[in-house]
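Chain by chain, the residues:
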Amino acid sequence: MSAEREVLTWEMFGTAGRALAQEIADDGYRPDLILSIARGGLFVAGSLGYALDVKNLHVMNVEFYTGVNERLDLPVMLPPVPNAVDLSGARVLVADDVADTGATLKLVRDFCADHVADVRCAVIYEKPHSEVKCEYVWRHTDRWINFPWSTLPPVVEGEDQVLDA
């Protein structure tokens, strides 16, 4: 199965986060805040926040994936939605784990666009068919990705769990 998938270990995630931060710094981009797309983007945003010395982190919850290669027709923002006033005039770095279709990133980027001075996207992985071409990408792949935070099943059972997504 690993031959068909991209496997990211916790150790490689540390390397990826640091390299992504260096790419952003080398570009001269200094975000005022990092907007993470939960859940996978939380890890990326935290890593970038420390490496770029940005303490102002926000979270946006977006539901799209329902399983491996299974998704809703359109991504949906879940409450609480960040207040656009809090983003006013800021340089915003949107952080997520992967730009797969790009629909989630597009939704968040478009939400920010009318309110911020500048919005850019940073991801660990970008797939070739993503409708959003991110400014900062650690790796490109066309394979399904095993992330260290979602490879193992949850330790609790619940209704409507999304496994491996």
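Scroll up to find the structure this text is about.
Keep in mind that what you see is a predicted model, and the values were worked out from it rather than measured.

Definitions and limits used
- Per-chain numbering applies: the sequence of each chain, read as written, is numbered from 1 onward.
- The model is predicted, so local features are restricted to residues of pLDDT at least 70 and side-chain atom pairs to those at 80 or more, both for listing and for counting; the totals for chains, interfaces and linings are taken over all residues.
- Hydrogen atoms and water are omitted, and side-chain values are computed over all heavy atoms in the structure.
- Take the buried Ala, Val, Leu, Ile, Met, Phe, Trp, Tyr and Cys residues and link them wherever side-chain atoms come within 4.5 Å; each set so joined is a nonpolar core.
- Residue burial is assigned from relative accessible area. The probe radius is 1.4 Å, only protein chains are included, and a residue is buried under 20% of its type maximum, exposed over 50%, and partly exposed in between.
- In this description a helix means any DSSP run of H or I spanning at least four residues, a strand means any run of E spanning at least two, and both kinds are numbered starting from the N terminus.
- Working rule for contacts: check all heavy atoms of both residues, and any pair within 4.5 Å makes them a contact.
- Paired strands, in this sense, are two strands between which DSSP finds at least two bridges.
- Here, two cysteine sulfur atoms that lie within 2.5 Å of each other are counted as a disulfide.
- In this scheme, a helix's expected span is set at 1.5 Å multiplied by one less than its residue total.
- To obtain the arc, one takes the directions from the helix axis to the C-beta atoms.
- Crossovers are marked right-handed if the path from the first strand over the helix to the second runs clockwise, as seen with the strands pointing away from the viewer.
- Without a salt bridge and with relative accessible area above 30%, a residue can belong to a patch; like charges are then joined within 9 Å and nonpolar side chains (Val, Leu, Ile, Met, Phe, Trp, Tyr) within 5 Å.
- Residue burial considers only the protein chains on display, and all accessible areas are found by Shrake-Rupley using a 1.4 Å probe.
- By salt bridge we mean one thing: a side-chain nitrogen of Lys or Arg within 4 Å of a carboxyl oxygen of Asp or Glu.
- Nitrogen and oxygen atoms within 3.5 Å of one another constitute a polar contact, given that in protein one can donate a hydrogen and the other can accept it, and given that sequence-neighbouring residues count only through two side-chain atoms.

Undergrad: What exactly am I supposed to notice about the nonpolar core here?
TA: As a rule of thumb, nonpolar side chains are buried together in soluble globular proteins. Counting residues in each nonpolar core, the largest one holds 24 residues, and the members touching the most others are Leu8, Ile24, Leu48, Leu93, Ile124 and Tyr125. Listed by contribution, the elements that provide at least two residues to this core are α1 (10-26), α2 (40-52), β5 (91-99), β6 (118-126) and β7 (136-140). Sorting elements by how many residues they give to this core places α1 first, with 5 residues. Setting aside residues up to four positions removed in sequence, Leu93 forms contacts with Ile24, Tyr29, Pro31, Leu33, Ile34, Leu35, Leu48, Leu52, Arg120, Cys121, Ala122 and Tyr136. Counting 21 residues, the second largest nonpolar core, distinct from the first, contains Met60, Ala99, Phe111 and Val132.

Undergrad: I'm lost on the pairing of strand β2 (residues 33-38) in this one. Help?
TA: Each regular strand displays side chains that alternate between the two surfaces of the sheet. The buried count for β2 comes to 6 of 6 residues, which makes it a mostly enclosed element. A two-sided burial pattern is seen for β2, the buried positions comprising Leu33, Leu35 and Ile37 on one face and Ile34, Ser36 and Ala38 on the other. Of the pairings in the sheet, the one linking β2 to β5 comprises 4 bridges and is parallel in character. Within β5, the position partnered with Ser36 by the bridge is Ala95.

Undergrad: Explanation requested: the state of the cysteines in the structure shown.
TA: Disulfides are covalent bonds that link the sulfur atoms of two cysteine residues. Taken as a whole, this structure holds 0 disulfides when the rule is applied. No disulfide involves Cys112; its sulfur sits 8.4 Å from the nearest other cysteine sulfur, which is in Cys121. Of the cysteine sulfurs around Cys121, a residue in no disulfide, the closest is that of Cys134, at 4.9 Å.

Undergrad: Would you mind showing me how to read α2 here?
TA: One turn of the α-helix equals 3.6 residues, which is why residues spaced by three or four share an orientation. Taking 1.5 Å as the rise per residue, α2 with 13 residues should run 18 Å; its terminal C-alpha atoms sit 19 Å apart, in good agreement. Listed as buried for α2 are Gly40, Gly41, Val44, Ala45, Leu48, Gly49 and Leu52. Buried residues in α2, looked at end-on, bunch into an arc of 145°, giving them a common side. Of the residues one or two after α2, Asp53 is the one with positive phi, at around 55°.

Undergrad: I tried to follow the pairing of β5 on my own but got confused; where do I start?
TA: Among the 9 residues of β5, 8 are classified as buried, and the element is accordingly described as predominantly covered. With 8 bridges joining them, β5 and β6 adopt parallel strand pairing. Its bridge partner being in β6, Asp96 is matched across the sheet by Val123. You can see the chain leave β5, run along helix α4 (residues 103-113) and come back into β6, and the turn it takes is right-handed.

Undergrad: What should I look at first to understand a nonpolar patch on the surface in this one?
TA: A contiguous nonpolar surface patch, about 360 Å² in accessible area, is contributed by Trp10, Leu42, Phe43 and Val59. If you trace the backbone, Phe43 turns up in helix α2.

Undergrad: I'm lost on the environment of Ala95 in this one. Help?
TA: Assignment of secondary structure puts Ala95 in strand β5. Taking the relative accessible area as the measure of exposure, Ala95 reaches 0% and is therefore buried. Between the C-alpha atoms of Ala95 and Tyr136, which are 41 residues apart in sequence, the distance is 9.5 Å. In this view, Ala95 contacts Ile34, Leu35, Ser36, Ile37, Gly41, Val44, Ala45, Leu48 and Ala122; residues no more than four positions away in its chain are not counted.

Undergrad: Help me understand unusual backbone geometry, please; the structure alone is not making it clear to me.
TA: Cis geometry marks the peptide bond from Ala38 to Arg39; its omega dihedral reads 15°. At Asp53, a residue that is not glycine, the phi angle is positive and equals roughly 55°.

Undergrad: Can you walk me through the side chain of Thr141 in this structure?
TA: Checked against the element boundaries, Thr141 lands in the loop between β7 and β8 (144-146). Since its relative accessible area comes to 8%, Thr141 is described here as buried. A polar contact of 3.1 Å, which involves the side chain of Thr141, links it to the backbone nitrogen of Arg143. Sequence-distant contacts of Thr141, defined by excluding residues within four places in its chain, comprise Glu6, Tyr125, Glu126, Lys127 and Pro128.

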